[in-house]
Structure formats: structure tokens, C-alpha cells
Amino acid sequence: MIKIDEINLKILRALQANAKLTNLALSKLVGLSPSPCLDRVKKLEKEAVVKRYRAVLDIEKICPHVRVFAEVTLTGKTAADYKRFADAAKTIPEVVAAYRISGPYDYMLCLVCRDVQHYHSLSEDMIHGNLGITKFIGHVALAQTKAFKGYPV
């Protein structure tokens, strides 16, 4: 298991802000020479501290859409019920994030759909499908006031 020291935290912060940094630029930012910096990055990747690199898209510039947060309650409360729902949620492209949560609901989903009709159709399919949903409450996002920019490491 890798030790997350202050230098590794600096590397993680820098990569989280800009994954396209060259090793030379990253090494200068964190105060290491390039070779030890690259070794640390490779270890962070090998240990899956850095899981992957990806582009963050601005969906506002790509297509019309509606973002909905849905509170989902399942009928059954067994491990198999939770697994069946979680496995199904992973296969639905419009479900961009899903969390099993505490409180009066079992899951919180973030859905991104083309429009309200698409959301309505998707939610009906989910409710009437074989997912074990007893309650599905959707909240349409009117505006995003803060976007995810990384974890506070």
C-alpha cells in the first residue's frame, strides 16, 4: 500500500486540476526532479489512487438536456435487492451517478436526459421494470451553482 505523503498530495492535486500536465511541468510544480516524480505517478496509478484520466465535457455546449436528481426507495431491503438495483443502474447511460444512501431513501441518482419527456419515459421504465422500486421522486435541477472540480485532498 502506498503512503500518501505531502508530495503525493501535491501530485494528486495538480493532476486533478490538470491531467494533461507533462511530467516536467508536474515535477516543477511539486518540487521534484522528473524521474522521481514519474516514479511516484506510476506508483499512484499502479495502486489505483489515480484510477483513470478523462476529459470533462461541458454538456451545456453539446446538447439540450435536463438534469434530474432522483430519490429511490426499494421494496425489498436485502443485499440481493440492493445489488439488483445497483447492477441495473450501472447499465442505464442516463444514470450518470448513483449512491446508496442513509435516511428515508435507499438511493440517490443523478440522471441526464435529453428533455423532460425523455426523463418521464426513463423514470416510468425504471419504476415499472423489474428493479424493485417502490418510490421514485425526481427533482429537476434548475441551475448548477457549483460543479465538481475534484476532491479536497
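The structure presented is a predicted model; accordingly, all values stated were derived computationally and were not measured.

J.: Explain the nonpolar core here, please?
T.: The tendency in soluble globular proteins is for nonpolar side chains to be buried side by side. Of all hydrophobic cores here, the largest spans 21 residues; its most connected members are Val72, Phe85, Leu109, Leu111, Met126, Ile133 and Phe136. Of all the secondary structure elements, the ones that give two or more residues to this core are strand S1 (66-74), helix H4 (79-90), strand S3 (107-113), helix H5 (116-128) and strand S4 (133-140). Looking at this core, the element that brings in the most residues is S1, giving 5 residues. When near neighbours in sequence (up to four residues on either side) are disregarded, Met126 contacts Phe85, Ile92, Leu109, Leu131, Ile133 and Phe136. One finds Ile2, Val30, Cys37 and Leu44 within the second-largest nonpolar core, a separate group that totals 11 residues.

J.: Would you explain H5 in this entry?
T.: Since there are 3.6 residues in each turn of an α-helix, residues three or four apart along the chain are aligned in direction. The end-to-end C-alpha distance of H5, which contains 13 residues, comes to 18 Å, matching closely the 18 Å that a straight helix rising 1.5 Å per residue would cover. Considered for burial, the residues of H5 that qualify are His118, Tyr119, Leu122, Ser123 and Met126. The buried residues of H5 all sit within an arc of 125 degrees when viewed along its axis, so they share a single face. Of the exposed residues in H5, those oriented more than 90 degrees away from the buried face are Gln117, Asp125 and His128. Tucked into the core, H5 has its buried residues touching S1, H4, S3 and S4. N-capping of H5 is provided by Asp115, with a side-chain oxygen placed 3.2 Å from the backbone N of Gln117.

J.: It is not clear to me how the UniProt feature "domain: HTH asnC-type" (unreviewed entry) in the protein chain should be interpreted in this structure. Could you clarify?
T.: Within this structure's numbering, the places UniProt gives as "domain: HTH asnC-type" (unreviewed entry) are residues 4-78. Secondary structure content for residues 4-78 is 44% helix and 12% strand, and the end C-alpha separation is 36 Å.

J.: Before we go on, may I ask you to explain the pairing of S1 in this structure?
T.: Put simply, side chains in a regular strand alternate between the two faces of the sheet. Among the 9 residues of S1, 7 are classified as buried, and the element is accordingly described as predominantly covered. Sheet analysis places S1 next to S4, joined by 7 bridges and oriented antiparallel. Bridging across to S4, Glu71 finds its partner in Ile137.

J.: Would you mind going over the packing of helix H1 (residues 6-17) against helix H2 (residues 23-30) with me for this structure?
T.: Direction vectors running N to C along H1 and H2 enclose 130 degrees, while the axes themselves pass 9 Å from each other. Considered as vectors, H1 and H2 are oriented oblique to each other. The interaxial crossing formed by H1 with H2 has right-handed handedness. Side by side, H1 and H2 meet where Lys10, Ile11, Ala14 and Leu15 of the first sit next to Leu26, Leu29 and Val30 of the second. Among the residues forming the contact of H1 with H2, the class breakdown is 6 nonpolar, no polar and 1 charged.

Reading guide: rules and limits
- Residues numbered from 1 in each chain as written.
- Predicted model: local features only at pLDDT ≥ 70, side-chain atom pairs only at ≥ 80, totals over all residues.
- Heavy atoms only, no water.
- Core = buried A, V, L, I, M, F, W, Y, C linked by side-chain atoms within 4.5 Å.
- Buried < 20%, exposed > 50% of the residue type's maximum accessible area, 1.4 Å probe, protein only.
- Helix = DSSP H or I, 4+ residues; strand = E, 2+ residues; numbered from the N terminus.
- Contact = heavy atoms within 4.5 Å.
- Expected span 1.5 Å × (residues − 1).
- Arc of directions from axis to C-beta.
- Polar contact = N/O pair within 3.5 Å; in protein donor to acceptor, adjacent residues only side chain to side chain.
- UniProt positions renumbered as here; feature names shortened; annotations may be inferred.
- Pairing = 2+ DSSP bridges.
- Axes fitted to C-alpha atoms, helices over the stretch in contact; angles between N-to-C directions.
- Parallel < 35°, antiparallel > 145°, perpendicular 65-115°, else oblique.
- Left-handed = near helix turned anticlockwise from the far one by under 90°.
- Nonpolar A, V, L, I, M, F, W, Y, C, P; charged D, E, K, R; others polar.

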